[in-house]
Amino acid sequence: MSAAVLSGCGLIPQDGGSGRHTVTVWLMKDSASQDFLKRFTEGFEADHPDLELDVRIQEWTGIGDKVQAALKADGTDGPDVIEVGNTQATSRKGRMRAELDERYLAAHRSGRARVVLGRSADFVGPGVLNSSLGAAVFPGALTGGEDVAMGDVDLPHSYTGIQDVAAGLATLGERPDGDGRVWHLPTAPAVSTREIHTMIEKRVGRPLNVVVLDRPRPFGLFDEQLMAEYEEMFYQHTEPQIMDSSAFEGFFGAAATPLPDTVDATVTWYEAWLRSR
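Residues numbered from 1 in each chain as written. Predicted model: local features only at pLDDT ≥ 70, side-chain atom pairs only at ≥ 80, totals over all residues. Heavy atoms only, no water.

Draft legend 1. The arrangement of the sheet that holds strand β3 (residues 81–82) in detail. As summarised here, the arrangement of the three strands in space is β2-β1-β3, forming an open sheet in which the pairing is parallel. The strands lining the two open edges of the sheet, one partner per strand, are β2 (51–58) and β3. Helix-sheet contacts for helix α2 (residues 34–47) involve β1 (21–28) and β2, and the interaxial angle to β2 is about 160 degrees. Together, β1, β2 and β3 form the strand contacts of helix α3 (residues 63–72), whose direction differs from that of β1 by roughly 155 degrees. (Pairing = 2+ DSSP bridges. Helix = DSSP H or I, 4+ residues; strand = E, 2+ residues; numbered from the N terminus. Contact = heavy atoms within 4.5 Å. Axes fitted to C-alpha atoms, helices over the stretch in contact; angles between N-to-C directions.)

Written out as structure tokens, the structure reads:
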């Protein structure tokens, strides 16, 4: 939400027109603190005295249908700016996941089931094989073979330790006060995949032989069928992917495992795994 965005939508008069205009902004619940919204609104209106921001907080329940209805309407009651997130997904897999989330949460609201949802970034850790940071990386790192990476390895990319996934889901199962919503499980601050590779190199004592896939194509463990399905999700490796788990950590008093510790435990597990094969 910024002056540039609002101006680009044609909402800020470019000719210094007279009169005060109201810009209606839809933000999702819990996406910004009240303190931030207050400071942002005051600063924005001070910079643009001809504009008044009307920020309306939206519930996650049914937001997809509400946004679609607002986009189709030609009246003046709809929003001028909408916060778009993963519940307004455009990919086939993204739409399926958003629809499943809504069905689960609808079951919770109706009292048919107790529901709480936990999400992670790409996970990594002991026992994790099928991940972009799993069996396509650690065995090669330990044996001098090839290590596969995808997209731009210099972009920030979140990785969630599998131990934090397990502990986070257990917490959600034990704490009904967190029910009825989606939570981001504890995830360490994002670093680039290249930085992860450096951590692995320090741990194994040798440089990695990294093969970077700049497009979804079959390679090693990633066969043709898998990569054909993964094509629509490949953007996750060509754009920054940053998961913020501060809401979970603050509410439940949890903390993510530091990435160096996760890498160390993962290398130790793969050493034993390779010896056993």
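We are not done yet, so read on.
Draft legend 2. Molecular detail of helix α10 (residues 259–275). Taking 1.5 Å of rise per residue, the 17 residues of α10 would be expected to cover 24 Å, and the 24 Å separating its terminal C-alpha atoms lies within 8% of that figure. Listed as buried for α10 are L259, T262, V263, T266, V267, Y270 and W273. Along α10, the residues classed as buried sweep out an arc of 135 degrees about the axis, all on the same side. Buried residues along α10 sit against β5 (122–124), α5 (138–143), β8 (159–161), α6 (162–174), β10 (191–192) and α7 (193–204). (Expected span 1.5 Å × (residues − 1). Buried < 20%, exposed > 50% of the residue type's maximum accessible area, 1.4 Å probe, protein only. Arc of directions from axis to C-beta.)

Draft legend 3. Expanded view of the packing of α7 against α10. Packing of α7 against α10 leaves a shortest axis separation of 10 Å and a crossing angle of 55 degrees. With respect to α10, the element α7 is oriented oblique. Considering the relative orientation of α7 and α10, their crossing is right-handed. Listed contacts from α10 to I196, M199, I200, R203 and V204 of α7 are L259, P260, V263, D264, V267, T268 and E271. (Parallel < 35°, antiparallel > 145°, perpendicular 65-115°, else oblique. Left-handed = near helix turned anticlockwise from the far one by under 90°.)

Draft legend 4. Spotlight on the nonpolar core. Ranked by internal contacts, the top residues of the largest apolar core, which has 19 residues, are L133, F138, I196 and I200. Put simply, the parts of the chain that give this core at least two residues each are α5, α7 and α10. The leading source of residues in this core is α10, at five residues. Filtering out sequence-adjacent residues up to four positions away, I196 remains in contact with L133, Y159, V191 and L259. Residues M150, L213, M233 and F234 belong to the second largest nonpolar core, which totals ten residues. (Core = buried A, V, L, I, M, F, W, Y, C linked by side-chain atoms within 4.5 Å.)

Draft legend 5. Representation of the pattern of salt bridges in the model. Counted under the stated rule, the structure contains nine salt bridges. Here R109 and E102 are joined by a salt bridge, their closest N and O atoms 2.7 Å apart. Since its relative accessible area comes to 40%, R109 is described here as partly exposed. Through salt bridges with shared partners, a single network forms among R203, D264 and E271. (Salt bridge = Lys/Arg side-chain N within 4 Å of Asp/Glu carboxyl O.)

Limitation: the analysis is restricted to geometry and does not speak to function.
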